[in-house]
Amino acid sequence: MAEVSIRNITKSYTSGVPVLRGVDLDIRAGELFFLLGPSGCGKSTLLRILAGLVRPDGGSISFDGTDIGSLPPEKRHAAMVFQNYALWPHLDVFENVAFGLKTAGVGGRELRTKVMEALELVQLADFARRRVPALSGGQQQRVALARALAVEPALLLLDEPLSNLDARLRDAMRSEIRRICSLRDLTALYVTHDRQEALSMADRIGVMHGGLIREMGDPEQLYNFPKTKFCAQFLGDINFIDGEIRGGVLNTSFGTFELKGAVSSGKVTAGIRPERIRIVEAGRPGAFSAVLEDRVFSGDTCDWTFRAGDQRLYVRESAPESRRIGQEYRLWFEPEFLLALTDADGE
């Protein structure tokens, strides 16, 4: 494992159109770090720069304090797992996993030992002589992961590795990748646009937009207490509430509320997650009235749409009760989860 330091990395493929605008990032040794963001934000470009597949316009990269920016890919001790697996269809599983080791000059008994150890780690030891076309998508992904692990990389790079799998296999592979990274104590950088992957797997997440990392933190911190509208919306469903701050209190068309991180005064946009709003009994201090307009039932949860003053609010309720459209209800939330959000959105 390696400690990774990235400083002021810039990249443009077309003059005057920056893809990366001076990215700074530190990844701790043994950490599973996620770069999360929409298509075109620069996350895959940064991954390829780390792998040595793309040359940056400026900046520096070091592993454990050693600058590796001038090294070719094969000298960086970084291994990459691609979105499309990049397996050789004419080779069997063993030969695919052995490919990187042979390139590095490993052979004989050592080669077989390392390949089989990697296949055992991904639970495919019995498939060593199976041809790639005969494997399922999930099995092919495991082979690609085993190939990367076999070379014992200082840094494991994963470029949206689960995007081609169906939902059931994605869930299984999330747990598998997390298990393997923990077991091997790997430093890993994982790129995705899937917030569920990031929230369920990451030690820390960097949210990218417009060629920069806009916010960074552990999953719970980023989800519950984002600072920008972009991060709040990208990480999950959220209600935006427009109001005005006076004396540290948010004034809205349907009530006044304490606001975490509030500016001293002026207009502001606040945010509250749908699952943080509760439907409560009359008489609850701090509750406000709202009329139920619509619902979306999903089995174990229900998304309710309410109208409060001139504001539409979405409420997510677990184990939902039966409720009547058009009826008035009382809503309430903990003030600490109502957040002041900035307009910084990466543009």
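For every chain, the first residue of its written sequence is number 1, and the numbers climb from 1 along that sequence. Residue-level local features of this predicted model are given only where pLDDT is at least 70; pairs of side-chain atoms are given and counted only at 80 or more, and the full residue set underlies all totals for whole chains, interfaces and linings. Processing note: side-chain calculations cover all non-hydrogen atoms of the structure and skip hydrogens and water entirely.

### Focus: unusual backbone geometry
- Look at N8: it is not a glycine, yet its phi comes out positive at around 50°.
- Mapped onto the elements, N8 comes out in strand β1 (residues 4-14).
- Here N8 falls in the partly exposed class, since its relative accessible area comes to 45%.
- Even without being glycine, D64 reaches a positive phi, approximately 50°.
- Starting at the N terminus, helices and strands are each numbered in turn, a helix being any DSSP run of H or I of at least four residues and a strand any DSSP run of E of at least two. Tracing the backbone shows D64 in the loop between β4 (58-63) and β5 (66-67). Type-normalised accessible area, obtained with a 1.4 Å probe on protein chains alone, sets the label of each residue: buried when under 20%, exposed when over 50%, and partly exposed for intermediate values.

### What about the sheet that holds β1?
- Being paired, for any two strands, means DSSP has found at least two bridges between them. Spatial strand order, β2-β1-β4-β5: four strands in an open sheet with antiparallel pairing. Edge positions in the sheet fall to β2 (17-27) and β5, since each of these pairs with one other strand and no more.
- Bridge count for β4 against β5 is two bridges, and the pairing is antiparallel. Paired with S62 across the two strands is D67, which belongs to β5.
- The contact rule is simple, with two residues in contact once any of their heavy atoms fall within 4.5 Å. The axes are straight lines fitted to the C-alpha atoms, using for helices just the contacting stretch, and the angles between their N-to-C directions are given from 0 to 180°. Along the sheet, helix α1 (residues 43-51) contacts β1, β2 and β4; its crossing angle with β1, the most-contacted strand, is approximately 115°.

### Describing helix α4 (residues 137-150)
- Its 14 residues place the ends of α4 20 Å apart at the C-alpha level, agreeing with the 20 Å of an ideal helix rising 1.5 Å per residue.
- Most of α4 sits out of view: twelve of its 14 residues are buried.
- Buried positions along α4 lie against β6 (78-81), α2 (93-103), α3 (108-121), β7 (155-159) and α5 (167-184).
- Looking one or two places after α4, you find E152, whose phi comes out positive at around 50°. To estimate the expected span of a helix, count its residues, drop one, and scale the result by 1.5 Å.

### What to know about the pattern of salt bridges
- A pair is scored as a salt bridge if a Lys or Arg side-chain nitrogen falls within 4 Å of a carboxyl oxygen belonging to Asp or Glu. Summed over all chains, the structure comprises 19 salt bridges.
- Note that K114 and E152 form a salt bridge whose closest N and O atoms lie 3.2 Å from each other. In this pair, K114 is assigned in helix α3 and E152 in the loop between α4 and β7, connecting sequence segments 38 residues apart.
- Here D171 and R174 are joined by a salt bridge, their closest N and O atoms 3.3 Å apart. In this pair, D171 and R174 both sit in helix α5, three residues apart, roughly one turn of the helix.
- On the basis of relative accessible area, R174 is assigned to the buried category, the value being 13%.

### Overview of the environment of E244
- As for its placement among the helices and strands, E244 is situated in strand β11 (residues 239-246).
- Along the chain, E244 and K267 lie 23 residues apart, while their C-alpha atoms are 4.2 Å from each other.
- Not counting residues up to four positions away in its chain, the partners in contact with E244 are V249, L250, N251, G266 and K267.

### Regarding the sheet that holds strand β3 (residues 32-36)
- One open sheet holds the six strands; their spatial order is β6-β7-β8-β3-β9-β10, and the pairing between them is mixed. In this open sheet, the two strands that pair with only one neighbour each are β6 and β10 (212-217). The sheet shows a mean angle of 20° between the axes of neighbouring strands, direction not considered.
- Taken together, the five bridges between strand β9 (residues 204-209) and β10 define a ladder with antiparallel strand orientation.

### Examining the packing of α2 against α4
- Two elements in contact, α2 and α4, have axes separated by 8 Å at closest approach and are oriented at 30°. Of the two possible hands of crossing, α2 and α4 adopt the one that is right-handed. Here V93, N96, V97 and L101 of α2 come into contact with α4, specifically with V143, A146, R147 and A150.
- Note on residue classes: Ala, Val, Leu, Ile, Met, Phe, Trp, Tyr, Cys and Pro are nonpolar, Asp, Glu, Lys and Arg are charged, and everything else, Gly too, is polar. By residue class, the composition of the contact of α2 with α4 is six nonpolar, one polar and one charged. Take the far helix as your reference; a near helix turned counterclockwise from it by less than a right angle gives a left-handed crossing, and one turned clockwise gives a right-handed crossing.

### Focus on the packing of aromatic side chains
- Any two of the Phe, Tyr and Trp rings considered here, Trp counted by its six-membered ring, make a pair once their centres fall within 6.5 Å; the pair's planes then place it as stacked at under 30 degrees, edge-to-face at over 60, or tilted in between. Counted by the stated rule, this structure contains ten aromatic pairs.
- An angle of 70° between the planes, with centres 6.0 Å apart, marks the rings of F288 and F333 as edge-to-face. Note that F288 is positioned in strand β16 (residues 288-297) and F333 in the loop between β19 (328-332) and β20 (339-341), a separation of 45 residues in sequence.
- F288 sits in the buried class, given a relative accessible area of 4%.

### A short note on the nonpolar core
- V97, L119, L145, L156 and I177 are the most contacted members of the largest nonpolar core, which has 55 residues in total.
- No other element matches α4, which puts seven residues into this core.
- Excluding residues within four positions of it along the chain, V97 makes contact with V115, A118, L119, V143, A146, R147 and A150.
- V19, I49, L155 and L157 belong to the second-largest nonpolar core, a separate cluster that totals 29 residues. Grouping buried Ala, Val, Leu, Ile, Met, Phe, Trp, Tyr and Cys residues that are joined through side-chain atoms within 4.5 Å yields what is termed a nonpolar core.

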